Amino acid sequence: MALAVVGALFAFESREDTAEQTAVSAAPPDPYTTARQADVQTLLDSWARALRSGDTAALAALFDRDAAPGFLDREVRRAQNLRNVPLADFGFDIGTEPETPVPPETVDALQASDVWMPPVYLRYAVTGPDAAPTRKPVALTLARRGETWLLVSDAPVGDRVTWRGPWDFGPLLAKSVPTGNGRTSVVLGHLDDADNVNALAAEVSTAVPAVTELWGTDWARSALVIATSSRDEFVELVGGSYSGSEIAAVSVSDIVRTPPVTGQRVVFSPTAAQRLDDVTRRAVLRHELTHIATRAVTVDGSPMWLLEGFADYSGYRGTGLSLGRIAPTLVAEVDAFGLPVALPSDADFAASATARLAYEQGWAVCAYVAAEFGEPALVALYRALARGPIDEAGVDRVLREVLGIGTADLVRGWSEWLQPQT
């Protein structure tokens, strides 16, 4: 089975904190605004503390008498589900972008002395994988009764929505796994999926060192792997555009600004455990970990045949599997239409009719480069070509600089390498 079947898109930029630092008032805040922000931050700190400690009585005291139905119950369940998660940090922050205007009907319904919808972010980090916290949006409505601020709702506010984490989808099991050099990775899944969590944990212990052996040490060398239990959970963690039934896992991260890259996770779909065997589970995990390892030096728009082919090469590296086992669609294509005459295009990876073949071709090109020029040359080619959009002439130039051959010779050599194996 090829990785095109199990699906792997190289990067997803999470929707959080893209704007909260862009709008800062030119005038200093008035005393009321300053006091309101301080009082609400105290409420947010108490909310986070109650969730982390599982103190349901303290949690209930933070909710307004007119809080949205089900809001408190969800937070009680969240507190219970967080118990087994090894958190290095967990809190809520007020952002700096403009607040959402409160609809008059909301003010009228609450009959509070003040109602506020500030931009709020959940800030959290998992012990081991997260060198720095990631931030996710929370759509929050708050009410003040006398001098006390209380939680009313986390329903959507304007264009803001509340991000849901794994703890919002059921009780969790966390497995911390040593992955070399004193680093620890974590596999998160749900209690009713313990066999899958344990299988992924066993694989992570060797997968992280294997990726480091190929790529080098300039990455975190630890990972947070999440096994989702439902389509809703998977879509929440990776985004709606990655909800296809053939996708087994996706690597995600926050928008890359400066190292370290935050929010990096490998998220497995709820059907992955049933569809993957030992070999394909290993290949998919290493594929996605390779995207995580390379993310800091990868710019969106770089040639997909290299980005996905390199990750596939890393995934299948050392398995000893034949070309026919790794790339059956490519073998059938060669049998039917002859050897390839061009590298797969980015459009080939996007179209459902050609994606499987494109992934297998990308893997085969990288496997050829590693076999003919050596793995260090393949890594050097990735680092040189993964810098963003580049035209055909630019690709040809980089190939000549790194490998000493142009595109035409690469395709010719790749085809000759394929011929005896097909």
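In this report, the structure presented in the accompanying data block is examined. Computed from a prediction, not measured in an experiment: that's the story for all the values here. (Residues numbered from 1 in each chain as written. Predicted model: local features only at pLDDT ≥ 70, side-chain atom pairs only at ≥ 80, totals over all residues. Heavy atoms only, no water.)

### Quick look at the overall build of the protein
For step 1, the next point in the chain: Counting secondary structure elements, the protein contains 17 helices and 11 strands.
For step 2, the next point in the chain: Taking the principal axes of its C-alpha atoms as reference, the protein extends roughly 80 × 50 × 40 Å.
For step 3, the next point in the chain: Expressed as a percentage of its 422 residues, the buried residues of the protein come to 54%.
For step 4, the next point in the chain: Here the contacts in the protein between residues at least 6 apart in sequence split such that 71% fall between residues at least 24 apart.
For step 5, the next point in the chain: Of the accessible surface of the protein, which amounts to about 17700 Å², a share of 53% is contributed by carbon and sulfur atoms.
For step 6, the next point in the chain: Each charge class in the protein can be summarised by its mean position, and for the 35 positive and 54 negative side chains these summaries are 4 Å apart. (Helix = DSSP H or I, 4+ residues; strand = E, 2+ residues; numbered from the N terminus. Buried < 20%, exposed > 50% of the residue type's maximum accessible area, 1.4 Å probe, protein only. Contact = heavy atoms within 4.5 Å. Areas by Shrake-Rupley, 256 points an atom, 1.4 Å probe, with all protein chains shown as cover. Lys, Arg positive; Asp, Glu negative; His and termini not counted. Charge placed at Lys NZ, Arg CZ, Asp CG, Glu CD.)

### Some details on the packing of aromatic side chains
For step 1, the next point in the chain: Under the defined criterion, the tally for this structure stands at 15 aromatic pairs.
For step 2, the next point in the chain: Seen from their ring centres, Y124 and W167 are 5.1 Å apart, and the 90 degrees between their planes marks the pair as edge-to-face. With Y124 in strand β3 (residues 119–126) and W167 in the loop between β6 (148–153) and β7 (172–178), this pair connects stretches of sequence that are 43 residues apart. The exposure classification of Y124 matches that of W167, with both residues buried.
For step 3, the next point in the chain: Taken together, a centroid distance of 4.8 Å and an interplanar angle of 45 degrees make the contact between F310 and Y382 tilted. With F310 in helix α10 (residues 304–316) and Y382 in helix α15 (residues 375–385), this pair connects stretches of sequence that are 72 residues apart.
For step 4, the next point in the chain: The class for F310 is buried, based on a relative accessible area of 1%. (Phe/Tyr/Trp six-rings, centres within 6.5 Å; stacked < 30°, edge-to-face > 60°.)

### Some thoughts on the nonpolar core
For step 1, the next point in the chain: Counting 69 residues, the largest nonpolar core has V225, F268, W305, W363 and L410 as its most contacted members.
For step 2, the next point in the chain: Ranked by residue count, the leading element in this core is helix α14 (residues 355–373), at 11 residues.
For step 3, the next point in the chain: V225 has contacts with V186, V187, L188, L200, V204, V266, F268 and L285, leaving out every residue within four places of it along the chain. (Core = buried A, V, L, I, M, F, W, Y, C linked by side-chain atoms within 4.5 Å.)

### Here we look at the pairing of strand β4 (residues 134–139)
For step 1, the next point in the chain: The buried fraction of β4 is high, at six of six residues.
For step 2, the next point in the chain: Neither face of β4 is open: one carries T134, K136 and V138, the other R135, P137 and A139, and all of them are buried.
For step 3, the next point in the chain: When β3 meets β4, the two strands line up antiparallel, connected through six bridges. When the sheet's bridge partners are listed, Y124 is paired in β4 with T134. (Pairing = 2+ DSSP bridges.)

### Digging into the packing of helix α6 (residues 194–215) against α10
For step 1, the next point in the chain: Close contact between α6 and α10 brings their axes to 10 Å; oriented N to C, the two are set at 125 degrees. Judged on the interaxial angle alone, α10 and α6 are oblique. When the axes of α6 and α10 are compared, the crossing they make is right-handed. Across the interface between the two elements, V211, L214 and W215 of α6 pack against F310, Y313 and S314 of α10.
For step 2, the next point in the chain: Classifying every residue of the contact of α6 with α10 by side-chain character gives five nonpolar, one polar and no charged. (Axes fitted to C-alpha atoms, helices over the stretch in contact; angles between N-to-C directions. Parallel < 35°, antiparallel > 145°, perpendicular 65-115°, else oblique. Left-handed = near helix turned anticlockwise from the far one by under 90°. Nonpolar A, V, L, I, M, F, W, Y, C, P; charged D, E, K, R; others polar.)

### With respect to the sheet that holds β3
For step 1, the next point in the chain: If you walk across this open sheet you meet the three strands as β1-β3-β4, and the pairing is antiparallel. With partners counted over all chains shown, the strands left at the sheet margins are β1 (87–94) and β4, one partner each. The mean inter-strand angle of the sheet, taken between neighbouring strand axes irrespective of direction, is 20 degrees.
For step 2, the next point in the chain: Pairing analysis gives seven bridges linking β1 to β3, with the strands arranged antiparallel.

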